[in-house]
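Chain residues, written in single-letter form:
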Amino acid sequence: MTPEPIPFLSFSPQHDAIRQEALEAMARVYDKNWFILGDALKAFEEAYAAFCGTSWCVGVGNGYDALVVALKTCDIGKGDEIIVPANTYVATWHAAAQTGAILRPVEPDPVTFNIDPRQIEQHITSKTKAILPVHLYGQACNMTAIMTLARKYDLMVVEDNAQSHGATWAGQRTGSFGHANATSFYPTKNLGALGDGGAVTTSDETKAQLARQFRNYGFASKHVCAEKGINSRLDEMQAAVLSVKLKYLVQWNEQRRLLADLYMEKLSGLGDIILPVVKEGAEHVYHLFVIRTAHRDKLKAVLAKEGIETMIHYPIPPHLQQAYAEYGFKKGDFPLTERIADTVLSLPLWPGMMEEQVVRVCRGILKFFI
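An unreviewed UniProt entry lists the protein under the name DegT/DnrJ/EryC1/StrS family aminotransferase, with Chryseolinea soli as the source organism. According to its UniProt record, the protein has this under Sequence similarities (unreviewed entry): "Belongs to the DegT/DnrJ/EryC1 family."

This is the structure:
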């Protein structure tokens, strides 16, 4: 008998467990007939701010808009320079570029794949206005070092926390270090909506007020438009579902860690595989379980034949995308980033995934290497 395929991600275990609770939350919104900027959003914003350890949360339409709004509250604009990770999803660069700023990419830490604080300082100039660290794959950046640099050079910090809901650095949750921080609630995230969604988190009241204003066309009050804002609001239905899911996030993250531990145990010392390393001081939430191997493409194809779906995050670095041709970057400019792009492979992992499924994935990888 052919075994059941193993998808890269399945929502069913999470959604089946909270189905009734989520439907009741949505029904309350439906019956109230108030769908934008209402009580459900306010309740979620308060709960998510408390979870992150910030004073305020401002819900917006998606993670990209969250970055744009967060940068806007930090007064980032044309001619400013932003330190960005060379190794990240291209959307991070897009949002930074949307402000009109100039991007200054920095290579990653070879262990965590996150931006390397040791290399940031050499890229800071008189025009540098902000650092935009991305907590990639579920592991926190070294925020102690980054915030120290920010204070030294009087820079803004905007965290991209889209992949690390609940992760910590030195006991503090990501999304709470920076002056204004952004996250995504895209369905695949650790805390995912049933559609697009995002938020800005901050402990600066002025920035929170600016974010609320900017997300709603720039209105400072009804009919009074203080600036050219955008239309990007987390709607009531998504906020209601996210409030339900937020209650289970710690539990789901713990399930991710247990599955990651099993992968670590089964794949340790196998072939040329490089496993994730959790830096001292960090608590990983494994949005993705990413291995590296020089045989990535062949391994991916073999696993696919076994009915095991894997993904690559990400095969083309931002600096080699046509969208950034204006910078004149070429292959070899960021060699570590490029090696990572050529060798990373994300294995299936989701809350509710069965241990026997992890064992089967590992068996497929073992079979490939022997």
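Next comes the rest of the description.
(A) Here's a closer look at helix α5 (residues 90–98). Buried residues of α5: Val90, Thr92, Trp93, Ala95 and Ala96, and no others. Looking one or two residues past α5, glycine 100 carries a phi angle of roughly 95 degrees, positive in sign.

(B) Quick look at the domain arrangement of the protein. Here the protein is described as being made up of domain 1 (11–106 + 113–243) and domain 2 (248–369). Computed over C-alpha atoms only, the centres of domain 1 and domain 2 are separated by 24 Å. Together, the buried faces of domain 1 and domain 2 total about 3100 Å²; carbon and sulfur atoms form 63% of this surface. For the pair domain 1 and domain 2, the number of links is zero salt bridges. Linking domain 1 with domain 2 are 18 residue pairs in polar contact (both at pLDDT 80 or more), by the criterion used here. Within the residue set of the side of domain 1 that touches domain 2, elements represented by two or more residues are α1 (12–17), α5, β3 (102–106) and β6 (168–169). Top contributing element to the side of domain 1 that touches domain 2 by residue count: α5, with four residues. The residue inventory of the side of domain 1 that touches domain 2, partitioned by class, reads 18 nonpolar, 14 polar and three charged.

(C) Fine view of the pattern of salt bridges. Evaluated as defined, the whole model comprises 16 salt bridges. Notably, a salt bridge pairs glutamate 45 with arginine 215, separated by 2.9 Å at the nearest N-O pair. Residue glutamate 45 is located in helix α3 (residues 39–52), and its partner arginine 215 is located in helix α8 (residues 205–215); the two are separated by 170 residues in the primary sequence. Residue class for glutamate 45 comes out buried when judged on its relative accessible area of 11%.

(D) Local environment of the UniProt feature "active site" (unreviewed entry) in the protein. On the UniProt side, "active site" (unreviewed entry) is annotated at positions that read Lys189 here. Residue placement: lysine 189 occurs in the loop between β8 (181–184) and β9 (198–202). Accessibility expressed as a relative area gives 14% for lysine 189, which makes it buried.

(E) Representation of the UniProt feature "modified residue: N6-(pyridoxal phosphate)lysine" (unreviewed entry) in the protein. Those residues carrying the UniProt feature "modified residue: N6-(pyridoxal phosphate)lysine" (unreviewed entry) are Lys189 in this numbering. Those residues in contact with lysine 189 that sit more than four places away from it in its chain are Ala162, Gln163, His165, Ser184, Arg256 and His287.

(F) Structural view of the sheet that holds strand β5 (residues 156–157). In spatial order, the strands read β3-β2-β4-β5; together these four strands make up an open sheet with parallel pairing. Single-partner strands in this sheet number two, and they are β3 and β5. Sheet topology note: the strand β2 (residues 81–85)/β3 ladder contains five bridges and is parallel. Within β3, the residue paired with isoleucine 83 across the bridge is arginine 104.

(G) Fine view of the sheet that holds β9. Strands sit in the order β1-β9-β8 across an open sheet of three strands; the sheet is antiparallel. Of all the strands in the sheet, the pair left with one neighbour each is β1 (56–60) and β8. On average, each strand axis in the sheet is tilted by 25 degrees relative to the strand beside it, whichever way the strands run. Note: β1 against β9, five bridges, orientation antiparallel. Its bridge partner being in β9, tryptophan 56 is matched across the sheet by threonine 202. Running over the sheet, α3 touches β1, β8 and β9 and is turned about 130 degrees from β1. Contacts from α8 reach β1 and β9, with the element oriented near 15 degrees to β1.

(H) The side chain of threonine 183, seen in detail. With respect to the helices and strands, the residue threonine 183 is situated in strand β8. The buried category is assigned to threonine 183, whose relative accessible area is 3%. One polar contact links threonine 183 to histidine 165, side chain to side chain, over a distance of 2.7 Å.

(I) Region of the structure containing the state of the cysteines. Taken as a whole and assessed by the stated rule, the structure comprises zero disulfides. Of all cysteine sulfurs in the structure, the one in cysteine 57 sits closest to cysteine 52, which takes part in no disulfide; the separation is 7.0 Å. Judged by its relative accessible area of 4%, cysteine 52 falls in the buried class. Cysteine 52 provides the cysteine sulfur closest to cysteine 141, a residue in no disulfide bond, and the two sulfurs are 15 Å apart. Residue classification places cysteine 141 among the buried positions, given a relative accessible area of 1%.

(J) The arrangement of the environment of lysine 266 in detail. Relative to the assigned elements, lysine 266 resides in helix α10 (residues 249–267). The class of lysine 266 is partly exposed, set by a relative accessible area of 40%. Separated by 210 residues in sequence, lysine 266 and tryptophan 56 have C-alpha atoms that sit 42 Å apart. Setting aside its immediate chain neighbours within four residues, lysine 266 contacts Val359 and Cys362.

Calculation rules
Residues numbered from 1 in each chain as written. Predicted model: local features only at pLDDT ≥ 70, side-chain atom pairs only at ≥ 80, totals over all residues. Heavy atoms only, no water. UniProt positions renumbered as here; feature names shortened; annotations may be inferred. Buried < 20%, exposed > 50% of the residue type's maximum accessible area, 1.4 Å probe, protein only. Helix = DSSP H or I, 4+ residues; strand = E, 2+ residues; numbered from the N terminus. Domains from an automatic or database assignment. Buried area = accessible area lost by both parts, 1.4 Å probe. Salt bridge = Lys/Arg side-chain N within 4 Å of Asp/Glu carboxyl O. Polar contact = N/O pair within 3.5 Å; in protein donor to acceptor, adjacent residues only side chain to side chain. Nonpolar A, V, L, I, M, F, W, Y, C, P; charged D, E, K, R; others polar. Contact = heavy atoms within 4.5 Å. Pairing = 2+ DSSP bridges. Axes fitted to C-alpha atoms, helices over the stretch in contact; angles between N-to-C directions. Disulfide = S-S within 2.5 Å.

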